Amino acid sequence: MELETKAIQAGYEPKNGDPRMIPIIQSTTFKYDTSEDMGKLFDLEASGYFYTRLQNPTNDMVAAKICAMEGGTAAMLTSSGQAATFFSVFNIAGQGDHIVSSSTIYGGSFNLFNVTMRRMGIDFTFVDPDCSDEELEAAFKPNTKAVFGETIANPALIVFDIERFAKAAHAHGVPLIVDNTFATPVNCRPIEWGADIVTHSTTKYMDGHDSTVGGCIVDGGKFDWMAHKDKFPGLTTPDESYHGITYAEKFGMGGAFITKCTAQLMRDLGSIQAPMNAFLLNLGLESLPVRMPRHCENAQKVAEFLEANDKVSWVNYPGLPSNKYYELAKKYMPNGTCGVISFGVKGGRKGAETFMKHLKVAMIATHVADAHTCVLHPASSTHRQMNDEELIAAGVAPDLIRLSVGIENVNDIIADVKQALDQVE
Ligand SMILES: *Cc1c(COP(=O)(O)O)cnc(C)c1O
């Protein structure tokens, strides 16, 4: 099946007389005829459901769809993108371990790593995704357990060289985890480029309609945990909390990671997505291959308009030939990158504030990557406690506008941006 067909049909095959649509199994628990039947589930001897804190059939059908779209072997939904990021790392790293991460990642992921997970005893080295081979090599330590990066960084829009980082990770016997939120599997499938685990904030384009917070983890099934037995004891030695099961032996390369993540982390931390939300996410997934090209086409036109406008001091969009990442974007995302653009308005912070005040179609929101065009001026909202010097040090220019181009008619979006720019002195 091609991607468009998977987006509609993968994950759920109705039998004769079954509902055509994925059913919402709104049930916390599941009934069994005998204790023995249920016991087999607890021992992971049989697959099935017993409690929605760990697994729910609606969620699993939707996860299976995303898994098919990414070309993976197993997947699970989580309650948020943050939970997906946390689980993807915590499933293979604990106290005393170390992770190499791209420095240009989503701010929430950076805080999770640099503050919260450090407090759990996990060490992180952040590398510039454009660093030299020597710098990348020097980032690895004997206790490194994974490499982490983002296909297109939110909000920096830096394109991550997946193949290069996959090679480096594999040379050190560790997997590459890629957050593919902004590209979506429609524009890039990191597993095809060597990534081992893919994560998503499904809150963004996958849901696509501002309706549900959610996340997903997909295993590419190509990383051989047993070949690096000492590095990943959680997968390669018996789990005493699960009757001595060794995940990598029992579930193989294709299933070990997600089974362990479900059986241990979901069991203990309970970051499950509500089945109703999984249902809504599925609606978004069905139209994702239609929506993504429209986002990219609209954003390309808006970026070109901005680049030619004399009230605009700079434009950052990987689809522009003037962009530093244009070639890399062409390699990994030949059909387009995403709908998010950042640019600077002349007149600095004041010019940007004037621009924001006059927008009518673009809505002011902290959100990005969905059907509605939305816009944010970090210096006067999310980052307003910082002065200009502090903003520049944080990599957020005082004049920076982040514009997430939706799927409205592009002429309306451009006309709105134009009239607001006209107000800037
Ligand atoms: C939003 C986002 C996240 C976090 O996802 P939530 O669903 O908000 O928890 C992670 N990674 C990227 C790239 C994001 O844009």
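In the block above lies the structure referred to throughout.
These figures come from a predicted structure and were not determined experimentally.

Reading guide: rules and limits
Residues numbered from 1 in each chain as written. Predicted model: local features only at pLDDT ≥ 70, side-chain atom pairs only at ≥ 80, totals over all residues. Heavy atoms only, no water. Axes fitted to C-alpha atoms, helices over the stretch in contact; angles between N-to-C directions. Helix = DSSP H or I, 4+ residues; strand = E, 2+ residues; numbered from the N terminus. Parallel < 35°, antiparallel > 145°, perpendicular 65-115°, else oblique. Left-handed = near helix turned anticlockwise from the far one by under 90°. Contact = heavy atoms within 4.5 Å. Pairing = 2+ DSSP bridges. Near = heavy atom within 4 Å. Polar contact = N/O pair within 3.5 Å; in protein donor to acceptor, adjacent residues only side chain to side chain. Areas by Shrake-Rupley, 256 points an atom, 1.4 Å probe, with all protein chains shown as cover. Nonpolar A, V, L, I, M, F, W, Y, C, P; charged D, E, K, R; others polar.

Participant: Quick question: what am I supposed to make of the packing of helix α11 (residues 275–307) against helix α15 (residues 410–422) here?
Facilitator: It is the contact of α11 with α15, at a shortest axis distance of 10 Å, that shows an interaxial angle of 25°. By the criterion of interaxial angle, the relationship of α11 to α15 is roughly parallel. Pair α11 / α15 crosses with right-handed handedness. On α15, the residues that touch Asn298, Lys301, Val302, Phe305 and Leu306 of α11 are Val410, Ile413, Ile414, Val417, Lys418 and Leu421.

Participant: How should I be thinking about the sheet that holds strand β9 (residues 340–345) in this particular structure?
Facilitator: For sheets, the rule is that strands pair by backbone hydrogen bonds, running either parallel or antiparallel. Taken together, 5 strands build an open sheet; the order of strands is β8-β9-β12-β11-β10 and the sheet is mixed. The sheet is open, and its two edges are formed by β8 (312–316) and β10 (363–364), each paired on a single side. The strands that helix α13 (residues 348–357) touches are β9, β10, β11 (374–376) and β12 (400–404); relative to β9, the one it contacts most, it runs at about 125°.

Participant: Teacher, can you tell me more about the side chain of Thr354 here?
Facilitator: Structurally, Thr354 can be placed in helix α13. When near neighbours in sequence (up to four residues on either side) are disregarded, Thr354 contacts Gln423 and Val424.

Participant: Would you take a moment to explain the site of the ligand for this structure?
Facilitator: Lining the immediate environment of the ligand, one finds 14 residues, of which Asn154, Asp179, Ser201, Thr203 and Lys204 sit closest. In the environment of the ligand, an oxygen atom lies 2.9 Å from a nitrogen or oxygen atom belonging to the side chain of Asn154. A distance of 2.8 Å separates an oxygen atom of the ligand from a polar atom in the side chain of Ser201. Computed on the free molecule, the ligand has an accessible area of 380 Å², of which 92% lies beneath the protein chains in the complex. Here the shell around the ligand is composed, by residue class, of 3 nonpolar, 8 polar and 3 charged.

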